[in-house]
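Fold and geometry: a report
These are the residues of each chain, in order.
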Amino acid sequence: MPLGVMVVGTILKEDHGLTVDIHYLPSDNTDLEEFLAGLHIGPDVGLVGLGTICGTLPRTLTLAKRIKELHPRLPVVLGGPQASSVPGELMAAYEFIDGIVIGEAESVVTFLWEAITTGQRSVRPGLIYIPPGASRLTLLPLQLQPAQLIDADDIRPIDYTLTPPPIDGGARGVSVEIGRGCPYKCTFCSTKVFFQRRFRFRSADMIIAELQKVREQHASSHFEFVHDMFTTNRRLVADLCKRLISEDLHLDWACSARTDRIDDSLLDLMYEAGCRRIFFGVESGSENMQQAIKKGLKVADIKIAVRSAWERQIGVTASLIIGFPAETPDDLADTLNLYFEFRSWRPAMRNVQVHSLSPLAGTELTAEYEDQLQFDGRLNDVAVMWTVTPWEEEQIRRYPRIFSSFYYFPNEYTSRAHYRYIYWFILHLGPFGNTLRLLWDLLGPELGTEFVRWVRHEERGTPSAATQAFDPATGASRVYAELRQFLGHLGLGQERTEVLLQVLEFEHWLGVSVLLDPQTPLLSWLDCTGLDTRPLADLEAARRGHWLYSADTKKKTVRRIRVPQLADAV
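Structure report, in brief. Note that this is a predicted model, so its numbers are computed, not measured. (Residues numbered from 1 in each chain as written. Predicted model: local features only at pLDDT ≥ 70, side-chain atom pairs only at ≥ 80, totals over all residues. Heavy atoms only, no water.)

Checked against the element boundaries, Glu392 lands in helix H15 (residues 390–398). Under the relative-accessibility criterion, Glu392 is labelled buried at 0%. (Helix = DSSP H or I, 4+ residues; strand = E, 2+ residues; numbered from the N terminus. Buried < 20%, exposed > 50% of the residue type's maximum accessible area, 1.4 Å probe, protein only.)

Checked against the element boundaries, Asp441 lands in helix H17 (residues 433–443). Exposure remark for Asp441: the relative accessible area of 43% places this residue in the partly exposed category. For the pair Asp441 and Ser344, spaced 97 residues apart in sequence, the C-alpha separation works out to 8.0 Å.

Below, the discussion takes up the sheet that holds strand E9 (residues 222–226). An order of E6-E9-E10-E11-E12-E13 is seen for the 6 strands of this open sheet, with the pairing classed as parallel. Single-partner strands in this sheet number two, and they are strand E6 (174–177) and strand E13 (352–356). Neighbour-to-neighbour, the strand axes of the sheet open up by a mean angle of 20°, direction not taken into account. The pairing of strand E11 (residues 275–283) with strand E12 (residues 315–322) spans 6 bridges and is classified as parallel. From the neighbouring strand, Phe279 faces E12, where its bridge partner is Thr317. Packing against the sheet, helix H8 (residues 204–218) makes contact with E6 and E9, and its axis sits at approximately 145° to E9. (Pairing = 2+ DSSP bridges. Axes fitted to C-alpha atoms, helices over the stretch in contact; angles between N-to-C directions. Contact = heavy atoms within 4.5 Å.)

Once that is clear, we can look at the environment of Phe406. By secondary structure assignment, the location of Phe406 is in the loop between H15 and helix H16 (416–427). Sequence separation between Phe406 and Asn380 is 26 residues; the distance between their C-alpha atoms is 6.1 Å.

Running from N to C, helix H13 (residues 329–344) and helix H18 (residues 446–457) cross one another at 125°; their axes reach a closest spacing of 8 Å. The angle between H13 and H18 places the two elements in the oblique class. Taken as a pair, H13 and H18 cross one another with a handedness that is right-handed. Side by side, H13 and H18 meet where Pro329, Leu332, Ala333, Leu336, Asn337 and Phe340 of the first sit next to Leu447, Gly448, Thr449, Phe451, Val452 and Arg456 of the second. Of the residues that constitute the contact of H13 with H18, the class distribution is 8 nonpolar, 3 polar and 1 charged. (Parallel < 35°, antiparallel > 145°, perpendicular 65-115°, else oblique. Left-handed = near helix turned anticlockwise from the far one by under 90°. Nonpolar A, V, L, I, M, F, W, Y, C, P; charged D, E, K, R; others polar.)

Counting across every chain of the model gives 25 aromatic pairs. Between Phe340 and Phe451, the aromatic rings sit 6.2 Å apart at their centres with planes inclined by 90°, giving edge-to-face as the arrangement. In this pair, Phe340 is assigned in helix H13 and Phe451 in helix H18, connecting sequence segments 111 residues apart. Just as Phe340 is buried, Phe451 falls in that class too. (Phe/Tyr/Trp six-rings, centres within 6.5 Å; stacked < 30°, edge-to-face > 60°.)

Once that is clear, we can look at the pattern of salt bridges. Counted by the stated rule, this structure contains 33 salt bridges. Across the pair Arg312 and Asp264 runs a salt bridge whose closest N-O atoms are separated by 3.8 Å. In this pair, Arg312 is assigned in the loop between helix H12 (299–311) and E12 and Asp264 in helix H10 (residues 264–272), connecting sequence segments 48 residues apart. Overall, the relative accessible area of 22% leaves Arg312 in the partly exposed class. With a closest N to O distance of 3.1 Å, Arg478 and Glu482 form a salt bridge. Highlighted residues: Arg478 and Glu482, both in helix H19 (residues 472–490), separated by 4 residues, approximately one helical turn. It is possible to trace a salt-bridge network through shared partners that takes in Glu104, Glu106, Glu177, Arg180 and Arg200. (Salt bridge = Lys/Arg side-chain N within 4 Å of Asp/Glu carboxyl O.)

In short, geometric facts, not functional conclusions.
What follows is the structure, given as structure tokens:
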């Protein structure tokens, strides 16, 4: 939900009486001309404002360029975190951009609209605006400063009628801004740049009022509490949770938090108040990298915090990053071990993400390694577009500072090809949770070490075009074949390897063959619990427990592998 754009739209509508329409950026499979025709840009339109994030900036610029070609006198203004990181570079590179709102928009929206209506140039902290057709000769020397940060209780309540449908926000729920800013100093993160490390938290009264308004207007009880670091101030979070409980609103909500800013009693209170999902930016499983990137988390404490939330039936997403320029093979193995350990928990913890590092504009890390940025034409996972046009790729190559998130940092220990292989491998590893659990039980932290050694010294290389496919069946089938090779590399002995291959075969059948055959009912391994060799048609009567199974896909039967026997084997 585009909260930043909605804030601007709310101010223009409520303070200046304007009609505001908000649209989502067209996706890769959307025809741009068709999208533009649907905007109905007529002579009564006075401004086109485009929010920017790093992963879609090339497509945003394509849209801005085309709008300016069709409507040369119509002001086109950018805002948001990506434009705020490189405002001078954007204005100098693209004459079809008439202005940029730098940082938080509330204090400058009125000045922007006044400049547009009077046709005057406006340069002040938080805003640069050059009327269409005006000279830019004095532009480059300008010192562009961010807007003045506003107090928490001055954060404007949003007019949610401006939200593009559907208002319910899908599975994640309606986004409500709880506050802004993160006081921490992670070197890779652009949040501290945009919000200048100033933490703010709206009052419980304001939050409750906005939640009630949204629920009454749109009949939604599912919310995304938007704050980069929700639990930074324990007292404020506890006060809000107590209010949510006392108001008896019966909401469920999600939030983001650091693992060192929660505890058991706070988690209990959050759950009682409706918290059902938490996103933890863990980043690295290496103590060395935690210090190098100034995240400063203790790996042992990460595990405790994640497990505490997960055991309270709060859905946990743990996010990890690989590809830091100073990351050694041991650091990489430590991060992968944290992934493997999370996936080994019973029942499975599935929402564990592993991302490739993207060098974000304006961050400390990007500034330090700016002269080493490289682009190989392959998009990092922060780029939600997946494909770029020839013009967009030309811009990426021409302006590394503007499009740094599409680049990567070289690593002296691990090649780009090997990093891409690891990212791809883990992306499609989802169906093989039991195989991972058994490997973790058998090898422990040696699993990550062996996997990194296998990737680096067996010359896995860059995945083929087929390997890079993102559909579950193709990707999982290829990972299945790679896992068979990895099991052979481990040298665990014939008996152990055969048992692991049985489990792998079964998971491949469930995760891939079922997807390829729509006539076969989709099953999880838990659906098979309590059965010995039984026809697949009888699996509906299965009960839950802790058993593993192999499958005979020709006979359409599954065979139970008793855990004690498996433990003896491995």
